[in-house]
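Working through the structure, step by step
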Amino acid sequence: MPSMLSRPAFPLAVTSVLMAAALLGTGCNRQKPITVVTENAQRRNLTELVTGSGKLQPVVQVKISSEVAGEIIDLPVKEGQKVRKGDLLVRVKPDLYAAALSSQEASLKSAQADLLTAEANARKAEAELKRNEDLFSRQLISGSLFDEVRTGAEVARANAIASTQRVEMARASLKRSQEDLAKTTIFSPIEGTVSKLNSELGERVSGTGMMAGTDIMTVADLTEMEARIEVGEIDVVLIEPQFKARLDVDSFKDRKFDGQVTQVARSAKTAAVGTQQESTKFEVRIRMADKGLFLPGMSVTADIETRYRTNVVTVPIQAVTTRLPGSSASEPVPKKAQSNSEEDKGQIEFLAGKKTKDTVKPVEVVFIKKGDKAKMLPVKRGISNDSHYEILEGVSEGQEIITGSFKAVSKELNDGTLIQLEEAKKDKATKP
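Some remarks on the overall build of the protein
- Scanning the protein from terminus to terminus reveals eight helices and 23 strands.
- Out of the 432 residues belonging to the protein, those deemed buried represent 31%.
- Long-range pairs, those at least 24 residues apart, make up 77% of the contacts in the protein with a sequence separation of at least 6.
- By element, 52% of the accessible surface of the protein is carried by carbon and sulfur atoms, the whole surface being about 27300 Å².

Thoughts on the sheet that holds strand E9 (residues 204-205)
- One open sheet holds the four strands; their spatial order is E7-E6-E4-E9, and the pairing between them is antiparallel. Edge positions in the sheet fall to strand E7 (185-187) and E9, since each has one partner strand and no second.

A look at the sheet that holds strand E10 (residues 215-220)
- Strand order across the open sheet formed by four strands is E3-E10-E8-E5, with antiparallel pairing between neighbours. In this open sheet, the two edge strands, each paired with only one partner strand, are strand E3 (61-65) and strand E5 (82-83).
- As paired elements, strand E8 (residues 192-197) and E10 share four bridges and run antiparallel to each other. Paired with Leu197 across the strands is Met217, a residue of E10.

So, the side chain of Ser384
- Here Ser384 lies in strand E20 (residues 380-384).
- Residue Ser384 is classed as buried on the basis of its relative accessible area, which comes to 18%.
- Among residues more than four places away in sequence, those in contact with Ser384 are Leu46, Thr47, Glu48, Leu49 and Tyr389.

Structural notes on unusual backbone geometry
- Residue Ser405 is bonded to the preceding Gly404 through a cis peptide linkage, with omega at 0°.
- One can find Ser405 in the loop between strand E22 (400-404) and helix H7 (406-412).
- In this model, Asp254 sits at a positive phi of 55°, which is unusual for a non-glycine residue.
- Here Asp254 lies in the loop between strand E12 (244-249) and strand E13 (256-264).
- Taking the relative accessible area as the measure of exposure, Asp254 reaches 85% and is therefore exposed.

What to know about the nonpolar core
- Formed by 26 residues in total, the largest nonpolar core has its most connected members in Leu56, Ile229, Val284, Ile286, Met288 and Ile304.
- Listing elements by their share of this core, those giving two or more residues are strand E2 (42-58), strand E11 (225-232), E12, E13, strand E15 (279-288) and strand E16 (299-316).
- Ignoring any residue separated from it by four or fewer positions in sequence, one finds Leu56 in contact with Met225, Glu226, Ala227, Val249, Met288, Phe294, Leu295, Pro296, Gly297, Met298 and Val300.
- Core analysis: the second largest hydrophobic core is formed by 18 residues, Ile64, Val90, Ile186 and Val205 among them.

Details of the pairing of strand E4 (residues 70-74)
- Note: E4 against E9, two bridges, orientation antiparallel. Along E9, the bridge assignment pairs Glu71 with Arg204.
- The sheet contact formed by E4 and strand E6 (residues 88-92) spans two bridges and is antiparallel. Paired with Ile72 across the two strands is Val92, which belongs to E6.

Re the pattern of salt bridges
- Scanning the model with the defined rule gives 19 salt bridges in all.
- Of the charged contacts in the structure, one is a salt bridge between Arg91 and Asp74, with a shortest N-O distance of 3.0 Å. Of this pair, Arg91 sits in strand E6 while Asp74 sits in strand E4; the two residues are 17 residues apart in sequence, bridging distant segments of the chain.
- Linking Arg157 and Glu126 is a salt bridge whose minimum nitrogen-to-oxygen distance equals 2.0 Å.

Side note on the packing of helix H3 (residues 95-137) against helix H4 (residues 143-182)
- Packing of H3 against H4 brings their axes to within 7 Å, and their N-to-C directions diverge by 165°. In this view, H3 runs roughly antiparallel relative to H4, as classed from their interaxial angle. With respect to the hand of their crossing, H3 and H4 are arranged in left-handed fashion.
- Residues that form the contact of H3 with H4 fall into these classes: 21 nonpolar, 13 polar and 11 charged.

Section: H3
- For H3, with 43 residues, the first-to-last C-alpha span of 63 Å sits near the 63 Å given by 1.5 Å per residue.
- The set of residues buried in H3 consists of Tyr97, Leu101, Leu108, Ala111, Leu115, Ala118, Ala122, Ala125, Leu129 and Asn132.
- Buried residues belonging to H3 abut H4.

About the cut-offs
- Residues numbered from 1 in each chain as written.
- Predicted model: local features only at pLDDT ≥ 70, side-chain atom pairs only at ≥ 80, totals over all residues.
- Heavy atoms only, no water.
- Helix = DSSP H or I, 4+ residues; strand = E, 2+ residues; numbered from the N terminus.
- Buried < 20%, exposed > 50% of the residue type's maximum accessible area, 1.4 Å probe, protein only.
- Contact = heavy atoms within 4.5 Å.
- Areas by Shrake-Rupley, 256 points an atom, 1.4 Å probe, with all protein chains shown as cover.
- Pairing = 2+ DSSP bridges.
- Core = buried A, V, L, I, M, F, W, Y, C linked by side-chain atoms within 4.5 Å.
- Salt bridge = Lys/Arg side-chain N within 4 Å of Asp/Glu carboxyl O.
- Axes fitted to C-alpha atoms, helices over the stretch in contact; angles between N-to-C directions.
- Parallel < 35°, antiparallel > 145°, perpendicular 65-115°, else oblique.
- Left-handed = near helix turned anticlockwise from the far one by under 90°.
- Nonpolar A, V, L, I, M, F, W, Y, C, P; charged D, E, K, R; others polar.
- Expected span 1.5 Å × (residues − 1).

Take it as geometry only, folks, not as evidence of what the structure does.
Below is the structure:
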């Protein structure tokens with residue numbers, strides 16, 4: 001009898017275990033909420049900026065190089081010295097060129113003397129020809145004699161013409177010698193400052209009129225400076241002359257300078273061609289509004305204002321991400337299955353640049369808080385600044401946008417995902 005009463009105990013215990021396991025299994029299948037941070041979509045003014053870095057350089061600078069060869073015998077300037085237009089900068093030893101000038105002057109005088117002789121011979125030959133023409137007409141001389149006299153007159157005229165040309169050649173050589181002698185003395189072509197001095201007194205310089213000679217110094221107008229920065233090929237199409245810019249000069253901390261774009265390059269500078277570090281840059285020149293503060297070669301970073309929008313709907317940059325169309329979290333998926341999902345495959349193929357007929361391109365989206373779930377909204381972006389995007393389509397002012405965490409926005413959230421606000425945000429929102 002006691003054994004019969006104790007039999008129901010085992011089925012009851014098994015039933016309790018099965019019910020507990022069922023409840024535990026139900027709890028395990030329940031989706032865990034993702035903690036997020038939100039911010040309302042607001043209207044604001046946006047200014048799109050293109051940033052580039054480079055160096056400061058004078059707007060006007062002249063490299064002084066020698067056009068003649070010789071020894072520097074006079075160098076009255078020093079680096080950093082201010083000079084006026086026409087001031088003496090350097091003098092090269094002129095002895096050789098002075099001697100060449102004297103030689104050419106003598107050659108010219110000799111050619112002029114030869115010309116006088118040739119012209120006298122030509123006049124004598126012309127007079128002889130006229131006398132013989134009269135005698136030949138009266139048949140007092142033979143035809144052969146008359147031909148000889150006529151030929152002599154023609155030769156005399158040709159010699160006079162040749163002598164005239166030799167005089168012109170001598171004058172040209174003399175002028176060249178005068179110019180070479182003048183080039184031994186170099187004067188400042190502009191008013192400015194000797195920003196760089198490469199040669200010293202007593203050094204030899206070389207140069208010809210056909211190619212650049214020794215770079216002796218650089219004279220620059222330091223009152224007008226410009227930033228020469230490099231920007232990428234994607235951004236350069238947004239920049240035009242007259243655009244405003246704000247500049248940071250490393251030598252002047254905690255200070256901003258104004259500038260204006262004056263020139264945008266139309267040819268690219270390509271670096272590291274054929275390597276993974278290959279880059280294509282375009283030079284943009286920005287005229288500095290402030291004068292007399294800067295030196296050539298100072299490092300500068302510029303923010304160029306390209307496009308401007310007023311009173312537009314905006315969301316934080318970190319709120320915009322990409323998803324494949326149809327992404328949903330209404331049914332939980334195991335982690336292993338999620339890692340092999342069609343969404344992940346599509347994103348991997350998209351990032352790798354793989355194109356197939358069945359590949360679906362991700363679209364740009366934001367997530368808004370709707371109750372305790374995230375709702376995915378496709379959006380169309382406009383311009384941006386360093387913190388916000390302009391939203392042209394998809395979001396209305398005042399909607400509660402999910403902005404964090406980065407992991408949640410970029411990977412974890414899908415349409416219908418359970419969410420909860422960050423505790424700090426909750427506490428802050430509940431304070432009176």
